[in-house]
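# Descriptive analysis of the structure
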There are 2 protein chains.
Amino acid sequence: MALIIQKFGGTSVGSVERINAVADKVIRTRKQGHDVVVVVSAMSGETDRLLALANDIAHRPDRRELDVLLATGEQVTIALLAIALREKGQDAVSFTGGQVRILTDSAHTKARIMDIDAARVRKALSKGRVVVVAGFQGIDADGNITTLGRGGSDTTAVAMAAALKADECDVYTDVDGVYTADPRIVPEANRLKRISYEEMLEMASLGSKVLQIRSVEFAGKYHVPLRVLSSFQDGPGTLITDEDKEMEQALISGIAHAKDEAKLTIMGVPDRPGIAYTILGPIADANIEVDMIVQNVGADNSTDLTFTVHRNDYDRAMEILQKTCREIGARGVTGDKRIVKISIVGVGMRSHAGIASRMFKALADEGINIQMISTSEIKVSVVVDEKYLELGVRALHSAFGLEKGANGAG
Amino acid sequence: MALIIQKFGGTSVGSVERINAVADKVIRTRKQGHDVVVVVSAMSGETDRLLALANDIAHRPDRRELDVLLATGEQVTIALLAIALREKGQDAVSFTGGQVRILTDSAHTKARIMDIDAARVRKALSKGRVVVVAGFQGIDADGNITTLGRGGSDTTAVAMAAALKADECDVYTDVDGVYTADPRIVPEANRLKRISYEEMLEMASLGSKVLQIRSVEFAGKYHVPLRVLSSFQDGPGTLITDEDKEMEQALISGIAHAKDEAKLTIMGVPDRPGIAYTILGPIADANIEVDMIVQNVGADNSTDLTFTVHRNDYDRAMEILQKTCREIGARGVTGDKRIVKISIVGVGMRSHAGIASRMFKALADEGINIQMISTSEIKVSVVVDEKYLELGVRALHSAFGLEKGANGAG
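Fair warning: this is a prediction, and the values are worked out from it, not measured in the lab. (Residues numbered from 1 in each chain as written. Chains lettered and ligands numbered in written order. Predicted model: local features only at pLDDT ≥ 70, side-chain atom pairs only at ≥ 80, totals over all residues.)

### Quick word on the interface of chain B and chain A
Note the following rule: In this description, any two residues whose backbone-derived C-beta atoms lie within 7 Å of each other are considered to be in contact. Numbering of helices and strands runs from the N terminus, with a helix taken as a DSSP run of H or I at least four residues long and a strand as a DSSP run of E at least two residues long. Nonpolar residues are Ala, Val, Leu, Ile, Met, Phe, Trp, Tyr, Cys and Pro. Charged residues are Asp, Glu, Lys and Arg, and all others, Gly as well, are polar.
Contacts between the two partners involve 28 residues from chain B and, on the opposite side, 28 residues from chain A. For the side of chain B that touches chain A, the elements supplying multiple residues, two or more each, are helix 1 (16-31), helix 2 (46-57) and helix 3 (63-87) of chain B. For the side of chain B that touches chain A, the element with the most residues is helix 3 of chain B, which contributes 14 residues. When grouped by side-chain class, the residues that make up the side of chain B that touches chain A number 17 nonpolar, six polar and five charged.

### Some remarks on the nonpolar core
Inclusion rule: Each nonpolar core consists of buried Ala, Val, Leu, Ile, Met, Phe, Trp, Tyr and Cys residues. Their C-beta atoms, within 7 Å, join them into a set. Here the C-beta atoms are placed from the backbone, and a residue counts as buried if at least 20 other C-beta atoms lie within 10 Å of its own, exposed if 12 or fewer do, and partly exposed otherwise.
Grouped together as the largest cluster of nonpolar side chains are 125 residues, with contacts concentrated most on A:Val38, A:Leu81, A:Val133 and A:Met160. If one sorts the elements of this core by residue count, helix 3 (residues 63-87) of chain A sits on top with nine residues. For A:Leu81, the contacting residues outside a window of four places in its chain are A:Val13, A:Ile19, A:Val22, A:Ala23, A:Val38, A:Val40 and A:Val132. With 124 residues, the next largest nonpolar core counts B:Ile19, B:Phe95, B:Ala163 and B:Val309 among its residues.

### Some remarks on the sheet that holds strand 15 (residues 302-310) of chain B
Residue and element names in this part refer to chain B. Going by this rule: Two strands make a pair as long as DSSP finds a minimum of two bridges between them. The axes are straight lines fitted to the C-alpha atoms, using for helices just the contacting stretch, and the angles between their N-to-C directions are given from 0 to 180°.
Within the open sheet, the six strands sit side by side as 14-15-13-16-18-17. Their pairing is antiparallel. Every interior strand has two partners, whereas the edge strands, strand 14 (290-297) and strand 17 (372-376), have only one. Across the sheet, the axes of successive neighbouring strands diverge by a mean angle of 30°, strand direction being ignored. By the bridge criterion, seven bridges tie strand 16 (residues 332-345) to strand 18 (residues 379-385) in an arrangement that is antiparallel. Each residue of the ladder has a partner; that of Lys341, found in strand 18, is Val383. Here helix 13 (residues 389-399) sits on the sheet in contact with strand 13 (254-270), strand 16 and strand 18, set at roughly 115° to strand 13.

### Quick word on the sheet that holds strand 12 (residues 238-241) of chain B
Residues and elements named next belong to chain B. Strand order in the open sheet formed by eight strands is 3-6-2-1-9-11-12-10, and the pairing between neighbours is mixed. Lying at the two open borders of the sheet, with one neighbouring strand each, are strand 3 (92-95) and strand 10 (194-196). Within the sheet, the average angular offset between the axes of one strand and its neighbour, ignoring direction, is 20°. The sheet contact formed by strand 9 (residues 168-173) and strand 11 (residues 226-230) spans five bridges and is parallel. Of the residues in strand 11, the one forming a bridge with Thr173 is Ser230.

It is worth stressing that arrangement in space is one thing and function is another; only the former is reported here.
What follows is the structure, given as structure tokens:
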């Protein structure tokens, strides 16, 4: 008998019918002899409905009160799911974040979990009950209601799993697992059986929007086995776990891509200490997130600096950069909104040389020009013209043999 | 400087516009130098929407979970009102029933308030904040969310007033006070300036649906001055308070009526101890509430017993009574759905003789036949044919001089 945490998002509980389907799924797990804690989000659309009410009243609604408002979304779902479970003969009890005592800091609308008191949940489990917990919410030390920000329910599920030392945390989504590449681009893409936390973090930050990054970080930190499954069809999904020997045999786990990028270059920058901050500081001050940054030292004591931002931020970033260019006497500014980022991710890179050059060769063979390169210990990212997106992803998927079911894919 | 509790019901907070209007009203009171605690209900329609979801899932939804579900209704309102107050520059903070610590028993969906911890609210008031409290809800000793049943927000407001020793509890409704009779029947009816708790209780139980009976009982027990006002127009409303000398001068305060009654009579009942229980026990077992009960001792060692029920319960009650009739060998059963109850209410009856006969004469002068009579210390009720409703109420209103502004009316 194991203790399983099951997390269902807004679409999975978006109607009475869907809530009944979730109840059936929970009961099936229970009947296999496992204890179950269910973490749920607000019914899809509910959070937006509540936000619209608040925004009708105030230009910038008070954050503490926003949390009081938004927390009702998950509270509705836990009650309805517990009602459904009991109606189907399964004893169940719901708890809000405050009732569990999910203690957070006081950063309203983006709080972080500090501690979870597992006693109340354990007691209910020991009575044979399914425990239904509201995701996304907690309370601070003063008893104020807090929320964890969008996607926070994943984090709640992982944190509950860590606090209860659960055997597994199953996150039900609208995809049936993590793939070696986006199946819409690579029809031969394989679902991964397993992937490490680190790889999943890179995949997520590179555009694979299966799980919230914070929840994967949390799972890695507390060694919570995390499984991504479909709420709409049965299947084993993908297990995200600590690195193990099986993984080490694989070179790379998958190909990730990010479409909505844009790059900006400032040329002929006087090469002196602090210049990167002078250029990127005003961008950060404008709340624009910078992704890749590449700087080459030039021959004439000046340098070119290129960075990428989300495509929506391109125009604002360009305006700021032109101002900076005039102020520091750089030669000029250029940019390109028609780029994409393609990345290979895999812990195998640590122990195998030549992975990057194999990537570059595969792209060169297809005549794809690489505009920027950025590497980390377990990934290599390149920026290319957006017209090469599909060709590039497919070429790399094939070059690393991912379609053959290598690397634990199946 | 006084401490005022203001309570607004579902219609008063039924839209963003109405919530803004409530915020303006609260700020006006605050600007007069008073501390304000606001108690609010769910936005009109919200409780029914939530109940419909639960009823879609289960035939008889679990009561504990129903409370978790329904409590979200008021939680939405407190957040929105606090957001509106802050947007208008008035510092404010919202508390759920659990956050205040409104401790109730564990009778889910109809819990009773046991205790209120006033410390958190007092602390917020001392910082100059308006405190917005969710009506209708509390927590039990185990931290489970409870609700007080329909109309429970009135009770929350009065209980908060008692716990905080507030100077007044103002309940905003869709009428502008308590009248000497229903103004739709008696256009000359006057708004009462003051009325005693006891009279208000009789008025409420006799069909004047201005306040929940429990909240009036609570106010009387803790001597909380309670004021009924309109949320839609300004005015002093009606103050419900302890009896005082001014009231003693008045004979009666008002004429109440109840339209939806029906009467049933069982005739020729063998007159022996326990017979009333034999007849009314099965009615109570069927959850049918009995209002008036009249029994006459007959000459032939048998008796007739008549009682009234809500008109909706008439058919079921008749079925039960016919069965009882056969079992105990009574002579027969008869009934009438076309009756109404008219009552006069006033603490003046205590010290003045002849009030009842003055009532009976006024009705007789109009040719109205009295079918049943029931009295208490401060009220006399009669049952008459429903066709006499308007005529009877107007005759009594005039006979006791209520249209002249006597008895504190004005």
